[in-house]
Amino acid sequence: MGLVFDWAWLPQLARGLLITVEITVVCILVGIVLGLLLALGRVYGGRLLSIPCSLFIQFFRGTPLLIQLLMVYYGLPTWGITLSPIMSGILALGLNTAAYQAEYFRGAIQAVQGGQMMAARSTGMSLAQAIRYIILPQAFRIVIPSWSNELILMLKYSSIVYMVTVMDIMGVGNTIAARHFSFFEVFIIVALLYLALVFIVSQLLRMVERHVQIPGLGEHAEHR
Amino acid sequence: MNLLKVENIHKRYGKEEVLKGVSFELQRGETKVVIGPSGTGKSTLLRCINRLSLPDKGQVWLEGEEITHSKSNINQLRAKIGFVFQDFNLFSHLTALKNVNIAPMKVKGMKKEEATKLAMEELERVGLGDKADAYPAQLSGGQQQRVSIARALAMSPKLILFDEPTSALDPELIGEVLEVMINLAKDGMTMLVVSHEMGFARSVADEVIFMEHGVIVEQGPPQQLFSNPKHRRTGEFLHKITELYGETS
Amino acid sequence: MTNIQLLLALLAVGLVIGTVVALLQVYAGHFLGVPAFIYEWVFRGIPALVLLFLFYFGPLQFGVSIPPFIAATLALGFRSSAYQSQIFRGAIQAIPHGQMMAARSMGMSRVRAIVSIILPQAFRLSLPAWSNEFSSVVKDTTLAYAVGLNEILRHARFITERYYNLAMLAYLTVALIFLVLTYSGNWSLGWLEKRLRIPGLEMAGVSGRGRNLSK
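A.B. asks: Would you mind going over the interface of chain A and chain C in detail, with residue names and values included?
C.D. replies: Every contact between the two is made by 52 residues of chain A and, on the other side, 47 residues of chain C. Together chain A and chain C conceal approximately 4500 Å² of surface at their shared face, both sides included; 70% is due to carbon and sulfur atoms. Joining chain A to chain C, the criterion identifies zero salt bridges. Our count for the contact surface shared by chain A and chain C stands at six residue pairs in polar contact (both at pLDDT 80 or more). Every element with two or more residues in the side of chain A that touches chain C is listed here: helix 2 (46-62), helix 3 (65-75), helix 4 (85-122), helix 5 (127-157), helix 6 (169-180) and helix 7 (183-211) of chain A. Of the residues belonging to the side of chain A that touches chain C, the class tally is 32 nonpolar, 12 polar and eight charged.

Given below as structure tokens:
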């Protein structure tokens, strides 16, 4: 049985690739903002803020991503909120990654906390100033490895959105494969595309990491 | 009016009462050294003074303004008190220069050029003018501690608190830090120092305070305390310290 | 429920293959070691869904019909093996070299030393990170829905089609079921860890799949 292949597939897949990257980037950004807020809430928020934040985090980290996506896509409309497939995907992925990023941020903030906070406060800085000028700049550098990792993970998990009819790489691939009954060929290409994407992004992130290093402090251990 | 007045400070951690009613005063230009066995609340006392820890009972006044009062503007008050930590606690993402000029800029609102000029002066004062662009991780322990002293000085504080400033340093680096501190005392800075360095106490302290189990056992001028302690415990402690650290001149 | 069967099956596949791959990476020369690294890179870099499709729909194309359960077990199992091999590799490398030297100087062959001395310690050290992998895998089993497995999700789907308003509730319930499954799994592993703990033998910083974090 011969393998089928059509060069015309490539531009379609490329379009899907673009969507994949778009979705990933946006949901990561959502994750950073929300994640940071959740982390600050947990560390500095007192009991009032830290408990709801903690519950949110535990839910979105403990339950499967697919279920979260289905909840957003099928469940929200019953509450009167209807989002397009892409927006649903971004929202679900965004909430999910926010929960994980919140924990990375929290770990980083708490690693810097202690002595640095005391020193900052003893010069007369307010809590807000200390967080802004002393804690966060250092925390951001500490999270970079975990964060890069999260970006790559999200790139791969974004494939899930095809289930709610989004035409990312998976969506396009599925359509082409079904039409021509060439799942094997198509998905080998899809797999290679993902691998290439992951590779390129890792290299880029490694360059960024090297760029923001503080002279004298050792290489951060690579979380994988 | 005295510069610093500490009255009847009590502090409890969990079940244990670490400070059991500590009171003393500090006049402008005075240098007082607090000595005593580890774990007797000396560091806690310092932290209560700039309210990094809140005392359970008792009050602290700086030039008549009550620090411990809930309505006090603590940030403004802290800006007038310098604090040097045992572990230096330099901001590791900033160069030495930026460590020193950040507080004057952000807390006092100084312009960048002015703050930088001031920072360079203070760094020169502690002998580290040439290390302005180094990051803390690139400096030795003694250098880091001197930068942290410069950081405290840059705020033109009324008083500087030193929490065992040399205890985390390798022996050969202690001297450079003590030298800076001695010069500060000679220049008339008001200092409250918790330390084991008896030689330092002997040469610059106006008064030595011996604390044990959360209370002040005895206080007096170094010459009197060291050679003729009034309390038995003071004598025992000094004897042990001299054994450990040797007679320091 | 097929869910749990799938979970256990693929964890087992992952465990066995993961151990082999890790051992190859650490102890084998270039000939076997390099392919092992490539294997790991490939199976970690390709999204789970793509693997599922390749293993299920791929063979179908060539006239070979693999039952969805087997396809899913293999696809997710190989993937997990890649992550598990990383965990085991970290653990093996964290064991002081002296252990191997001591074993060899007693006359043990390399294989014997690995089996009796290195692996028991490595597995203990891996438990925390493996616990994270377990959580990740539990959640990944939902992806098998794409090849027709996962009755839970099908039931939920069925409910939402009939009773439109209950959609949120249905999925929330499924979500909570998974939460319970994950927590009980982690709790059991934590219990196992405590039972097996040897005083003094702990390890900080063994990484697993991207999302492992201390509480």
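A.B. asks: So what about the packing of helix 1 (residues 9-44) of chain A against helix 6 of chain A? Which residues, and what values?
C.D. replies: Residues and elements named next belong to chain A. Where helix 1 contacts helix 6, the two axes come as close as 7 Å, and the packing angle between them is 150 degrees. Taken together, the axes of helix 1 and helix 6 are roughly antiparallel relative to one another. Listed contacts from helix 6 to Trp9, Gln12, Leu13, Gly16, Leu17 and Thr20 of helix 1 are Ile169, Val172, Gly173, Ile176 and His180. Of the residues assigned to the contact of helix 1 with helix 6, the class counts are six nonpolar, five polar and no charged.

A.B. asks: So what's going on with the side chain of B:Lys42? Residues and values would help.
C.D. replies: All names here are of chain B. The residue Lys42 is located in helix 1 (residues 42-49) in this model. In this structure, Lys42 is buried with no salt-bridge partner, the nearest side chain bearing the opposite charge being Glu164 at 4.3 Å. Within the structure, the side chain of Lys42 is placed 2.8 Å from the backbone oxygen of Gly36, a separation counted as a polar contact. Ignoring anything within four residues of it in the chain, the contact list for Lys42 reads Val34, Ile35, Gly36, Pro37, Glu164, Val194, His196 and Met211.

The rules behind each value
Residues numbered from 1 in each chain as written. Chains lettered and ligands numbered in written order. Predicted model: local features only at pLDDT ≥ 70, side-chain atom pairs only at ≥ 80, totals over all residues. Heavy atoms only, no water. Contact = heavy atoms within 4.5 Å. Buried area = accessible area lost by both parts, 1.4 Å probe. Salt bridge = Lys/Arg side-chain N within 4 Å of Asp/Glu carboxyl O. Polar contact = N/O pair within 3.5 Å; in protein donor to acceptor, adjacent residues only side chain to side chain. Helix = DSSP H or I, 4+ residues; strand = E, 2+ residues; numbered from the N terminus. Nonpolar A, V, L, I, M, F, W, Y, C, P; charged D, E, K, R; others polar. Axes fitted to C-alpha atoms, helices over the stretch in contact; angles between N-to-C directions. Parallel < 35°, antiparallel > 145°, perpendicular 65-115°, else oblique. Buried < 20%, exposed > 50% of the residue type's maximum accessible area, 1.4 Å probe, protein only. Lys, Arg positive; Asp, Glu negative; His and termini not counted.

Any link to function would need more than the numbers given here.
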